[in-house]
Structure formats: C-alpha cells, structure tokens
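Topology and contacts: notes
One letter stands for each residue in the lines below.
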Amino acid sequence: MKAIVTRFAPSPTGTLHIGGVRTALFNYVYAKQNNGKFLIRIEDTDTERSTKEYEKNILDNLTSIGLKPDEDPINQSERNEIYLKAAEKIFQSGNAYWCDCSQEELEEMRKAQIAAGKKPMYDGRSRNLGLEKSDKTVLRLATPEDGEIIVNDLIRGEIKFNNNELDDLILLRSDGSPTYHLCNVVDDYEQKVTTVIRGEDHISNTPRQIHIQNALGYPELEYAHLPLVLGTDKKRLSKRNAATSLEEYRDRGYLDSAILNALARLGWSQGENDVFYMNDLIKEFNIKDVQKAGAIFDITKLDWLNSQHLANLSIESFKEQLQPFLQQLDIDIENHENSNKLIEAMRTSDNTLSGIAKSLIPYYKDIKEYDEKAIKKFINDKNILTEIRDLLDKIDIWNQEVIDSVLKEYQLKNELSVPEVNQPIRIALTGSTKSPGLGLTLSIFTKNKAIERINKLLDKLS
RNA sequence: GUCCCGUUCGUCUAGAGGCCUAGGACACCGGGUUUUCAUCCCGGCAACAGGGGUUCGACUCCCCUACGGGAUGCCA
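These notes cover the structure that comes with them. Source: prediction; values computed, not measured.

1. Here's the deal with the overall build of chain A
Assigned secondary structure in chain A consists of 19 helices and 12 strands. If you line up chain A on its principal axes, its C-alpha atoms span 105 × 50 × 35 Å. Burial statistics for chain A: of 462 residues in total, 49% are counted as buried. Sequence-distant contacts in chain A: of pairs separated by 6 or more residues, those separated by 24 or more amount to 75%. Across chain A, the mean location of the 61 positive side-chain charges is 2 Å away from that of the 73 negative side-chain charges.

Below is the structure:
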C-alpha cells in the first residue's frame, strides 16, 4: 500500500477561516491515521489578492492549533517554470491550443448562450484554428468532446460528468501566467499527493482537473469532498453570518481542543461520544462516515464543548490558559491570597475563558459597582451586616468551616432567613449575589480583606 | 437556465430493509442538589421534505416533485 499524502491548499486572501481549519483538520487526521504525510501549499497565484500577512496568519495559526505540516509549505508563486513546463508538455501532446478570443467576445458569447437557454460555456471556436502564441492568446485545454468522467469520491461514491458539459478551460492566461487548475494539478503530482480532501464547492472542478491530469499522464488521485460549513442562515459560513476567523474564536476564550472537537463533530460523529480530542480522532475517524449534507456551525454546541474541555484541564493548565485573558484585564493571576482556591471555585462560572476572566474581576479588583437591585432586595437592615462583620472579626481560625458555622449560628439565633444573612455579605464581597458558597467565598479572601469589603459597603449605604 | 451535490427533532447527529413506539448530544422547558450563581443529577418537549413505486415489510432501495446548496471567471 502506498503512503497517503494529503494537503491543505489555502489562498492567502484572508485570515485562517474556521472552515479552512476543518478542511485542514480532516486532511491532517486522514494522513496521520494512515501513517502518511500532511502538506501545506500556498496557492498565491492571484497576486492581486494574496498577501504575505495573510499567508503568515494562516501558517502560524495552523501550526499553533496543532495542524503542523510534515514538510515546509510551498508557494505556487515561486514555481512558475514548473507550470510553464507542464503547459508546454500539454501543448506539445496536442491536448491544448492557443485562443485569441477577447474578454468582450466571450462575454457576448455567454450572453447569447443564456438567451438561447443554453449553459454558458466556451464553445471551442479557436480550437482548430492553429493559432500561435501571442500577448493576446490564452492556452486552453482541449477537453474531450464526448464520453464521461467518473469522479470516485470517498464520501459520495461515484459522481458522473458528461464531457460535453465541460468547456476548454484556460491553462495559461494571456500574460503567460498559469491558472489555478493547472497549478493545482501539477503541484499535487509534484508533491506526490495521493488524496485530495477539500470543500464540496470543488466537486465540479474535479472532472476538469482530471482532464488536465490525463493530458499530463499523471496517476489518478483519491478524492473526498467535505460538506460545507454553514452559518445559521444555511448559507456557507462567511463574515456576514458569523465570526469566521479562527483567531476570533481563540480571542473569545475557546480552547483549541474544543474548536477542533466542534469542527470535527460537524459532519462526523463517533458513536454517542461528543467530547473527544485529536488522539481519539486519529484513532476513530473514518472519512467514509463523513456526512454528505452541509452543517450549520452552532455556537452553543461549541460553548458546551468548551466547558467540557475546560473542565478536563488540570488546575495548572487551566491557569495557564486563563492567564492571557486575565492579563488583558490587567490582572495578575497570582496577585491574590488564595489564587488556586479562587480559580478552582470559579472555573465553571462561564463557558469561555474570557467570560471566566470577567467573572473574576471582583476578586482581584475593588468593587466599583454594586448590583443596586440586589441591595434593594436584600439589605433592609444594615445592622445585620454590621453584626456579622463583628462576628467575623472575632474568628481566629479563618477557614470555610468555621466561617460557615459562625454564620449559621447567627442566622438561627436571630431567626433570620438564609438570604437575609448571606446575600448582604455576598454583595459586599463581590458586588453581586453570585458567588461560590459563602464560607468558601469569604475564606478566599483574608479576614482583613473581607472585613474591609463589608465596611466599604456599609460606608456606601450610610 | 444548465450541470453537480444534498434533504432524520430548533441545531449536530445515530440509523447499511424487520432491532424504530426512530436513539444520543446541544439548546429549550420542568424538577432536584447547592443558603445565591455556576457546576452536577433527574425528567420532558421535539424529526424521517412530499408523492409514487419495489417488497410480506422501507428512515433505509428506485423514480418524480419540492426545497436548499455548489458550480457555471484570463478568482482560488
């Protein structure tokens, strides 16, 4: 069995797209589970739209999320001679010809075809003219006029195309530069790619590319066309309907492993198990089981997966992941009497790291704003707070159990309801009524700090 | 228009002719645990696009229709 080689071939015309990550992921996993190689090729033949910044963004992000190629990426823009040589070979074999139709002429032709109810396609009018190369000619592939081409797709099975549906595509532009189809086919061959895993939008390109392969005498490839990632409007995921850039998701506090999990789960499932990691994927993934229909990318599922991945982290790696988000809020994670206890208590407060970081603010910084509605609702009698403060102040061993029992005793002795005792303290300490268990919350702070916060609220109320 | 691909709960999916009274997960709703919030636990709601075949039997196979998507570039 020959070694599998897959590739991800992005155009650097934007930052790394979440859909691109999924394509790259499936390529990566398929290669790895077959002990093969995963390659990256930068398709930057569109010099107008391609930039080095985008290229760097794509490469950096792929690597950092764990989809590292097994060889250095190649750039199509640096491989012109190779494509030109291939084009020459096709021309020499009689499978291509020069065509001098102007863009206007082609435009008119298409309009006429549409008007006549026909499929707009190049009609091959220059095919037998025997034109010579000039600065006005493009090189076109002479596609077989009849017969059919069968694309064997790992996911969809056989897909048939009639050759008469395919027109003579352009191999070389009039400025001499090679087009996407040519470069793509030549590079797959040169990079010894065996398996092309790409988006469903490329299905109709496939028979055309096979014709180029045939003209060049290249071996057949394996194909797998992935269903598209859709936005909630069922249209393909784009900036119009969702965040599309991988970086945006990372910035919002989603773990790489959760993003990958969510993306893999979109179109593929592993029994009844929803939470999995790269290792599981490499072990269990089967490209033949990939769904055929496009799938909507649902952020709530990502939220949940993220919470699961977050929960599976050790306290050390959780802190490590959280660090940058706290830094953004100008918080030093260790700048707290009891940071481990605090983080452990608060790590389930939100589904994302940025959300968790936000909910930690009251523990690191002075309370700027109190929840006024809560104050109204729970603090009718300031004396309760004063008395509790004094009781707390007398505690010698400042820990969760002692604090809890002191509060309980006070509550029972004064025949108060639990919220009457607890909520005011909570508001004093965090500004809101949301916090971990009271004894725990109090013990996270030093006694002095806790008293100080209660006093501050009392001041405000007086 | 033409060609291609597709269509199971709101969403992601299981389902390879009888195992389906269509299963799971997320979301949602209700209950419990937690003195609050979150976590966690339990329960509930909810789908085979429609119509014809084939078959003793169809979510599963075939055909048609509808709907959705993709392609139809000297973009990739």
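Next comes the rest of the description.
2. Examining the environment of Ser 405
Here Ser 405 is to be found in helix α16 (residues 400-413). Residue classification places Ser 405 among the partly exposed residues on the basis of a relative accessible area of 41%. In the structure, Ser 405 is positioned 34 residues away from Gly 439 in sequence and 8.6 Å away in space, judged by C-alpha atoms. A polar atom in the side chain of Ser 405 sits 2.9 Å from the backbone oxygen of Val 402.

3. A few points about the packing of helix α12 (residues 339-346) against helix α13 (residues 353-364)
One way to put it is that α12 packs onto α13 with a least axis distance of 11 Å and a crossing angle of 135°. Comparing the axis directions of α12 and α13 gives the class oblique. Regarding α12 and α13, the two cross each other, and that crossing is right-handed. Contacts between α12 and α13 involve Ser 339, Leu 342, Ile 343 and Met 346 from the first element and Ile 356, Ser 359, Leu 360, Tyr 363 and Tyr 364 from the second. Of the residues in the contact of α12 with α13, the class split is seven nonpolar, two polar and no charged.

4. Let's talk about the side chain of His 225
Summarising the element assignment, His 225 is placed in strand β10 (residues 222-226). A residue is classified by how much of its surface remains accessible, and His 225, at 0% relative accessible area, is buried. Excluding residues within four positions of it along the chain, His 225 makes contact with Asp 153, Ile 155, Arg 156, Arg 198, Gly 199, Glu 200, His 202, Ile 203 and Thr 206.

5. Observations regarding the sheet that holds strand β5 (residues 138-141)
Strand order in the open sheet formed by three strands is β4-β5-β8, with antiparallel pairing between adjacent strands. At either end of the open sheet lies a strand with only one pairing partner, and these are β4 (96-99) and β8 (170-172). Recorded for the sheet is a direction-independent mean angle of 45° between the axes of neighbouring strands. Judged from the two bridges that link them, β5 and β8 form a sheet pairing that is antiparallel. What sits directly across from Leu 139, in β8, is Leu 172. Sheet strands touched by helix α3 (residues 80-92): β4, β5 and β8. Its angle to β4, the strand with the most contacts, is close to 100°.

6. A short note on the pairing of β4
Neither face of β4 is left uncovered, since the one carrying Ala 96 and Trp 98 and the one carrying Tyr 97 and Cys 99 both have all their residues buried. As defined by bridge partners, β4 adjoins β5 across four bridges and the pair is classed as antiparallel. Its bridge partner being in β5, Trp 98 is matched across the sheet by Leu 139.

7. Description of the packing of aromatic side chains
A full pass over the atoms with the stated rule returns nine aromatic pairs. Note on Tyr 28 and Phe 38: the rings are 5.6 Å apart at their centroids and 80° apart in plane angle, and the pair reads as edge-to-face. With Tyr 28 in helix α1 (residues 18-33) and Phe 38 in strand β2 (residues 37-42), this residue pair connects regions lying 10 residues apart in the sequence. Note on Tyr 28: relative accessible area 13%, which makes it buried. Centre to centre, the rings of Trp 268 and Phe 285 are 5.4 Å apart; their planes meet at 55°, and the pair counts as tilted.

8. Describing the protein's contact with RNA strand B
Taken together, 61 residues sit near RNA strand B, with Ser 11, Arg 173, Lys 235, Thr 348 and Asn 422 positioned nearest. By atom count, sugar and phosphate contribute 72% of the portion of RNA strand B lying within 4 Å of the protein. Interatomic distance of 2.9 Å between a side-chain N/O atom of Lys 301 and a base nitrogen of RNA strand B. One of the backbone N or O atoms of Ser 435 is found 2.4 Å from a base nitrogen in RNA strand B. Across the surface near RNA strand B, the residue classes break down as 17 nonpolar, 20 polar and 24 charged.

9. Here we look at helix α2 (residues 52-64)
For the α-helix, the turn length of 3.6 residues means that residues three or four positions removed from each other point alike. Helix length check: α2, at 13 residues, gives a terminal C-alpha distance of 18 Å against a target of 18 Å (1.5 Å per residue), a fit within 8%. Every buried residue of α2 is listed here: Glu 55, Asn 57, Ile 58, Leu 59, Asn 61 and Leu 62. At its buried positions, α2 is contacted by β1 (5-8), α1, β2, β3 (74-75) and α7 (246-251). Two residues or fewer past α2, Gly 66 is found with a positive phi of approximately 105°.

10. Describing the pairing of strand β7 (residues 157-162)
Across six bridges, strand β6 (residues 148-153) lies against β7 in antiparallel orientation. By the bridge assignment, Ile 149 is partnered in β7 with Phe 161. Where β6 hands over to β7, the hairpin turn is made up of three residues, counted between the paired strands.

Calculation criteria
Residues numbered from 1 in each chain as written. Chains lettered and ligands numbered in written order. Predicted model: local features only at pLDDT ≥ 70, side-chain atom pairs only at ≥ 80, totals over all residues. Heavy atoms only, no water. Helix = DSSP H or I, 4+ residues; strand = E, 2+ residues; numbered from the N terminus. Buried < 20%, exposed > 50% of the residue type's maximum accessible area, 1.4 Å probe, protein only. Contact = heavy atoms within 4.5 Å. Lys, Arg positive; Asp, Glu negative; His and termini not counted. Charge placed at Lys NZ, Arg CZ, Asp CG, Glu CD. Polar contact = N/O pair within 3.5 Å; in protein donor to acceptor, adjacent residues only side chain to side chain. Axes fitted to C-alpha atoms, helices over the stretch in contact; angles between N-to-C directions. Parallel < 35°, antiparallel > 145°, perpendicular 65-115°, else oblique. Left-handed = near helix turned anticlockwise from the far one by under 90°. Nonpolar A, V, L, I, M, F, W, Y, C, P; charged D, E, K, R; others polar. Pairing = 2+ DSSP bridges. Phe/Tyr/Trp six-rings, centres within 6.5 Å; stacked < 30°, edge-to-face > 60°. Near = heavy atom within 4 Å. Expected span 1.5 Å × (residues − 1).

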